[in-house]
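Close look at the chain arrangement
Okay, here's what each chain looks like letter by letter:
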Amino acid sequence: MKRGSVIGNIGKELGLDVSKLSARKARIDTEGNRKRYCDINLGTGDLVVADRIDREALCGTKASCVLKLELVLENPLELRRISLHIQDINDNSPLFKKDVIKMEIQESADKGARFSLDGAHDADIGENAVKGYTLQRNDHFILNVDTKPGVRKHCVLVLEKELDREKQQEINLVLTAVDGGSPQRSGTVVIHVTVLDANDNAPVFSQNLYKASLPENSPLDTVVITVSATDADEGVNGEVMYELDHVSENINVFSLDQQTGEVRVIGPIDYEEESSYEIQISAKDGLGLASYSTLMIDITDVNDNPPEVYLKSLTNPIPENVPLGTEVAIINVQDRDSENNKEVRCSIQQNVPFKLVPSIKNYYSLVTTNTLDRELVSNYNITITATDEGSPPLSSSKGIQFSVADVNDNPPVFEEQSYNAYTTENNKPGSTLCSVTARDPDWRQNGSVIYSLLPGDVNGAPVSSYLSINGDTGVIHAVRSFDYEQFRSFKVHAMARDNGSPPLSSNVTVSVFITDVNDNSPQILYPAPEGNSFMTELVPKAAHGGSLVSKVIAVDADSGQNAWLSYHIVKSTDPGLFTVGLHNGEIRTQRDMSESDNMKQNIIVTVKDNGQPSLSATCTMYLLISDNLAEVPELKDMSYDENNSKLTSYLIIALVSVSTFFLTFIIVILGLRFCGRRKPRLLFDGAVAIPSAYLPPNYAEVDGTGTLRSTYNYDAYLTTGSRTSDFKFVRSYNDNTLPADQTLTKSPTDFADAFGDFEESPELTKRQVRPKPPKR
């Protein structure tokens, strides 16, 4: 049949859906490396001829010639076996071994003598093989066909009329062989008969049928068998010559020694190409008499073919999230040997997430046995080893390479569990605080990371008003300047998100710590800064060296060493008379008072913090050295500021008034003592307390820190009669102090009996001096 000829429709014959043949990758496979004689039309399901089919080349003289095919379908894997019976057509003419058959016949041959002829060979079989012979009409011979069991038909030339060499020494006859095909084919040969003197005995074989067994791959010149024939004649008529009497390719594999009858190997013996040979051998004597015998050689298989591994289908690349048991490849294994030598085992190397699952016949499926992770292994090189059951076993290997496709299955992971950023207050907007870094082991866009800050509030304001983050680099910048006094630290959450679908993300906490900068000057709480009040403290003349005169109270809104305060006298009326505590601000006398000391003492105290650079504040302390209020001079010169004269007058008036009340209270006290009555001491004490509840939380209450202890209290005695200023007599008072939140007040009517001669009634108030907390 010509190429492209339709043999049949597989879809109809096998009941397949023709429309799915293409999707299922239908194909025709043949065993071994044979030619592809047939193919399938995926559109129509027709089985068509792909190459010329020669039955004689495929099957030789076998009566039945079957071409075995395999129809392979995928998704799911399915195998259908197809057997094509190759029908013989009469495409070969009968062919004689020689163009001329030379015969020598003794003239003494009897009537009816039989002379064997080499028959014609027709590669076709059955009806297309040689059916008959015809002999050209002549006066001496007729043709007879001799058929023996196990032996091909032979033409026998029968002497019908005795020969007469003297009349005719040579006779030429034409023998025609015809087959039974349609149209009929024929072949001819010329029989040249030479009439000789009498030779009446032909060679005789020892066996009509010889059998031999030969392993494949036998070396050249191996003796297969020795045939023998004998001739009863003597001399030239008894000498026997052997010949191979078969027109085929076997002559290229075996040779026959004409003298000895030894059959030797002269070509390669391959069981897979030919498993048996049938050879016709003739024995002729010197005068042309011949006899024939058949040699059957069976080839035994040797395990000389390693298995062959064919990759029929491969999925590449493989997504890393494929479920277990997913089929990724289809493998076909073939071995051209037979029986046990053809049995094959397949295996793959260990420590890979795959296994081979036997499927149909010699097909295997490579399936996954474990989850794939591209981040651990991105490429696989699987080696499939096929080993047969022969002795010794043979094996072959085939490598399969495929890659794992990435799936976005890994969220970004920060390099640290949390990040700390440190910055000083008053930083510049846009300054870099820190950098966060996240890694994503996924590939390409699944592994690219974008950074952002999660929404939230910091002190009631959105995070975006404080910080910003570079989406590509993860660098965090300050949006505004920070103030340590407002807040010292805060936390935000940064998010790293990949570009996968769907995107994955992770969060990390970023703690921002603000360090203090010395940007706040000390604030003096006592004495009040100039311009607010004018206060004079009274110092007794009998004060000894080391006596507490007053105390400067100051605070600093900064923290740490920036809030460590130190006190220094920068100017005083008498530099050697007073000293100030370096860390507590207490003003004490350095020596005992003398008559020569100036009654009016002015001290300028500066308060410095320990920051870099240091900041300071200055206050003026006015002191009056006197034991008797009557000795108090005009105080208008106590102030260094001319603008405070009016205020000083008010203070003097208040001081004189308070002094008058003081004297009155002394008289009352003496009177009560005479009456056996005791009055609480607190009634006459004016206490000034600075409780810790009113100090900022970062001010310590320890000696030497530059901050007034909350247990310091002072008695203030104000007198009347002064027009220009006021003064205080101060002494340490630690006990019998009112609670911080209480105030003791006396009205003028409470003292009407004792102070009836006074023009006006003063009011004595025990009050608490509360420092104003600094701005923060």
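Residues numbered from 1 in each chain as written. Predicted model: local features only at pLDDT ≥ 70, side-chain atom pairs only at ≥ 80, totals over all residues. Heavy atoms only, no water.

What follows deals with the overall build of the protein. Within the protein one finds three helices and 53 strands. Considering the protein as a whole, with its 776 residues, one finds that 44% of them fall into the buried category. Accessible surface, the protein: about 40500 Å² in total, of which carbon and sulfur atoms supply 48%. (Helix = DSSP H or I, 4+ residues; strand = E, 2+ residues; numbered from the N terminus. Buried < 20%, exposed > 50% of the residue type's maximum accessible area, 1.4 Å probe, protein only. Areas by Shrake-Rupley, 256 points an atom, 1.4 Å probe, with all protein chains shown as cover.)

As a further point, take the sheet that holds strand β41 (residues 505–515). Overall, mixed pairing links the four strands, which are arranged β32-β41-β40-β35 in an open sheet. Looking at the sheet topology across the chains shown, the edges are occupied by β32 (418–424) and β35 (449–453). With strand direction ignored, the average angle separating the axes of adjacent strands in the sheet is 30 degrees. Inspection of the sheet shows β35 paired to strand β40 (residues 489–498) by five bridges, in the antiparallel sense. The partner of S452 across the bridge, within β40, is M495. (Pairing = 2+ DSSP bridges. Axes fitted to C-alpha atoms, helices over the stretch in contact; angles between N-to-C directions.)

Among the secondary structure elements, A113 is positioned in the loop between β7 (100–106) and β8 (114–117). When the C-alpha atoms of A113 and E162 are compared, they prove to be 9.1 Å apart, with 49 residues separating the residues in sequence. Contact partners of A113, with chain neighbours within four places excluded, come to L157, V158 and L159. (Contact = heavy atoms within 4.5 Å.)

Attention now goes to the sheet that holds strand β29 (residues 379–388). Reading across the sheet, the four strands line up as β24-β30-β29-β26 and stay open at both edges, with mixed pairing between neighbours. Edge positions in the open sheet fall to β24 (318–319) and β26 (344–348), since each of these has one partner strand only. Bridging between β26 and β29 involves five bridges; their strand directions are antiparallel. The residue of β29 that forms the bridge with R345 is T387.

Attention shifts here to the nonpolar core. Counting 29 residues, the largest nonpolar core has L467, F482, F490 and V510 as the members making the most contacts within it. Listed by contribution, the elements that provide at least two residues to this core are β32, β33 (432–435), β35, β38 (467–469), β39 (475–478), β40 and β41. Once you skip the residues sitting within four places of it in the chain, V510 turns out to touch Y419, C434, V436, I476, F490, K491, V492 and A494. Counting residues in each nonpolar core, the second largest holds 25 residues, with M103, V130, F141 and V193 among its members. (Core = buried A, V, L, I, M, F, W, Y, C linked by side-chain atoms within 4.5 Å.)

This part takes up the side chain of D335. Position of D335 among the secondary structure elements: in the loop between β25 (327–334) and β26. Summary of buried charges: D335 has no salt-bridge partner, and the nearest side chain of opposite charge, R336, is 7.6 Å away. Side-chain polar atoms of D335 contact the backbone nitrogen of D337, separated by 2.9 Å. (Lys, Arg positive; Asp, Glu negative; His and termini not counted. Salt bridge = Lys/Arg side-chain N within 4 Å of Asp/Glu carboxyl O. Polar contact = N/O pair within 3.5 Å; in protein donor to acceptor, adjacent residues only side chain to side chain.)

Across the two faces of strand β15 (residues 209–215) the burial differs, with Y210, A212 and L214 buried and L209, K211, S213 and P215 not buried at all. The pairing of β15 with strand β22 (residues 290–300) spans seven bridges and is classified as parallel. Bridged to L209 within β22 is T294.

Taken as a whole, the protein shows an average pLDDT of 78; of its residues, 81% reach a score of 70 or greater. pLDDT under 50 marks residues 677–776. Its contacts with residues more than four places away, or in other chains, come to 255 contacts. (pLDDT = per-residue confidence, 0-100.)

This part covers the pattern of salt bridges. Between side chains of opposite charge, pairing is possible as soon as their charged atoms come close. For the coordinates displayed, the defined rule picks out 14 salt bridges. The salt bridge involving E375 is made with R374; its shortest N-O contact spans 3.5 Å. Among the residues examined, R374 registers a relative accessible area of 13% and is labelled buried. The residue R439 makes a salt bridge to E415 at a minimum N-O spacing of 2.9 Å. Of this pair, R439 sits in strand β34 (residues 438–439) while E415 is found in the loop between β31 (413–414) and β32, placing the two residues 24 residues apart along the sequence. Of the residues examined, R439 reaches a relative accessible area of 52% and is grouped as exposed. Several salt bridges converge on common partners, so that one network encompasses R24, E78 and R80.

For the rest of this paragraph, the subject is the packing of aromatic side chains. In total, this model carries 17 aromatic pairs according to the counting rule given. Between F354 and Y380, the ring centres sit 5.3 Å apart and the planes meet at 85 degrees, which makes this aromatic pair edge-to-face. Of the two residues, F354 sits in strand β27 (residues 354–358) while Y380 sits in strand β29, which places them 26 residues apart along the sequence. As far as burial versus exposure is concerned, F354 and Y380 are alike and both buried. Between Y422 and F513, the aromatic rings sit 5.2 Å apart at their centres with planes inclined by 20 degrees, giving stacked as the arrangement. (Phe/Tyr/Trp six-rings, centres within 6.5 Å; stacked < 30°, edge-to-face > 60°.)

Cis geometry is adopted by the peptide bond preceding P317, which originates at N316 and carries an omega value of 0 degrees. Each neighbour pair has its own omega, and for Y526 with P527 the value is -5 degrees, a cis peptide bond. In this structure, P527 sits in the loop between β42 (523–526) and β43 (536–539). In this model, N217 sits at a positive phi of 65 degrees, which is unusual for a non-glycine residue. Within the secondary structure, N217 is located in the loop between β15 and β16 (223–226). Despite not being glycine, N459 shows a phi value in the positive range, around 55 degrees. As for its position among the elements, N459 is in the loop between β36 (457–458) and β37 (461–462).

For the rest of this paragraph, the subject is the environment of S116. Structurally, S116 can be placed in strand β8. In this structure the C-alpha to C-alpha distance between S116 and Y292, which are 176 residues apart in sequence, comes to 8.8 Å. Those residues in contact with S116, other than ones at most four positions away along the chain, are M103, C155, V156, A290 and Y292.

So, on to a nonpolar patch on the surface. There is a patch of nonpolar side chains on the surface, built from V100, V174 and V190 and spanning about 180 Å² of accessible area. Looking at the secondary structure, you find V174 in strand β12 (residues 170–179). A relative accessible area of 32% places V174 in the partly exposed class. (Patch = residues over 30% accessible without salt bridge, like charges linked within 9 Å, V, L, I, M, F, W, Y side chains within 5 Å.)

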